[in-house]
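Coordinate analysis (summary)
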Amino acid sequence: MRILCGTDIIEIERIKKSIEKNRDTFLNLIYTPDEIKYCENKKNAKYNHYAGRFAAKEAIYKAISPLLPGKFSMSWKDAQVVNDENGNPKIEFLKTKFEQIKSIDISISHCKEYAVATVTVLIDE
């Protein structure tokens with residue numbers, strides 16, 4: 001067994017500006033329809049949640065990159081962050097199955113200026 005970890009932090013304002021400048025292009029490049037729906041439902045806090053999901057995707061990539069055959073073998077929308085029945089974030093891989101992953105956990109947090117996400121993965125070697 002081996003533990004892999006990925007962390008990312010992003011300025012919420014940076015994500016807000018990207019959405020305001022290139023709304024549909026940016027959103028459809030980075031987020032799945034379910035993620036967009038979730039963030040848009042957060043009204044005044046939607047940019048915090050978009051930034052949290054963005055940091056999550058970066059953290060996911062950093063954690064699982066040793067399992068990928070190449071640097072560009074995973075796109076932004078190959079993994080999505082959804083909430084479980086208790087409201088906790090969880091990761092769903094949409095296109096790629098990782099047989100060696102035994103467990104994967106994610107934590108997302110945000111404050112006024114920043115969003116951060118950490119992903120831990122337990123794999124069989």
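First, a word on scope: everything that follows refers to the structure included in this document. (Residues numbered from 1 in each chain as written. Predicted model: local features only at pLDDT ≥ 70, side-chain atom pairs only at ≥ 80, totals over all residues. Heavy atoms only, no water.)

Along the backbone of the protein chain there are four helices and five strands. A compact globule built from 125 residues would reach a C-alpha radius of gyration of about 14 Å, and the protein chain, at 14 Å, matches this within 12%. Across its three principal directions, the C-alpha atoms of the protein chain cover 45 × 30 × 25 Å. Burial analysis of the protein chain (125 residues in total) assigns 39% to the buried set. Pairs at least 24 residues apart make up 58% of the contacts formed inside the protein chain by residues separated by at least 6 positions. For the protein chain, the exposed surface amounts to about 7400 Å²; the carbon and sulfur share of it is 48%. (Helix = DSSP H or I, 4+ residues; strand = E, 2+ residues; numbered from the N terminus. Rg over C-alpha atoms; globule rule 2.2 N^0.38 Å. Buried < 20%, exposed > 50% of the residue type's maximum accessible area, 1.4 Å probe, protein only. Contact = heavy atoms within 4.5 Å. Areas by Shrake-Rupley, 256 points an atom, 1.4 Å probe, with all protein chains shown as cover.)

The next thing to look at is the layout of surface pockets. For the largest pocket, the calculated volume is near 190 Å³. Taken together, Lys57, Glu58, Tyr61, Lys71, Met74, Ser75, Trp76 and Ala79 make up the full set of residues lining the largest pocket. Sorting elements by how many residues they give to the lining of the largest pocket places helix H4 (residues 46–64) first, with three residues. Class assignment for the residues of the lining of the largest pocket results in four nonpolar, one polar and three charged. (1 Å grid on protein atoms, 1.4 Å probe; cavity = no way out; pocket = protein on both sides within 12 Å on 5 of 7 lines; lining within 4 Å. Points joined across faces, edges and corners; volume = space filled by probe spheres on them. Nonpolar A, V, L, I, M, F, W, Y, C, P; charged D, E, K, R; others polar.)

On to helix H1 (residues 12–21). Looking at H1, one finds that the buried residues are Ile12, Ile15 and Ile19. Buried residues of H1, viewed axially, fall in a sector of 65 degrees; they line one side. Exposed positions of H1 whose direction lies more than 90 degrees from the buried face are Arg14, Lys17, Glu20 and Lys21. Where the residues of H1 are buried, they touch strand S1 (2–11), helix H2 (23–30), H4, strand S4 (101–110) and strand S5 (114–123). (Arc of directions from axis to C-beta.)

The first and last C-alpha atoms of H4 sit 27 Å apart over 19 residues, in line with the 27 Å expected at 1.5 Å per residue. Taken across its 19 residues, H4 has 16 buried, putting it largely inside the fold. (Expected span 1.5 Å × (residues − 1).)

With that settled, the discussion passes to a nonpolar patch on the surface. On the surface, Met1, Ile3 and Leu122 cluster together into a nonpolar patch covering about 330 Å² of accessible area. Following the sequence through the fold, methionine 1 ends up in the segment before S1. Taking the relative accessible area as the measure of exposure, methionine 1 reaches 63% and is therefore exposed. (Patch = residues over 30% accessible without salt bridge, like charges linked within 9 Å, V, L, I, M, F, W, Y side chains within 5 Å. Salt bridge = Lys/Arg side-chain N within 4 Å of Asp/Glu carboxyl O.)

Looking now at the side chain of lysine 46. Relative to the assigned elements, lysine 46 resides in helix H4. Leave out the neighbours within four places in its chain, and lysine 46 touches Arg23, Cys39 and Glu40.

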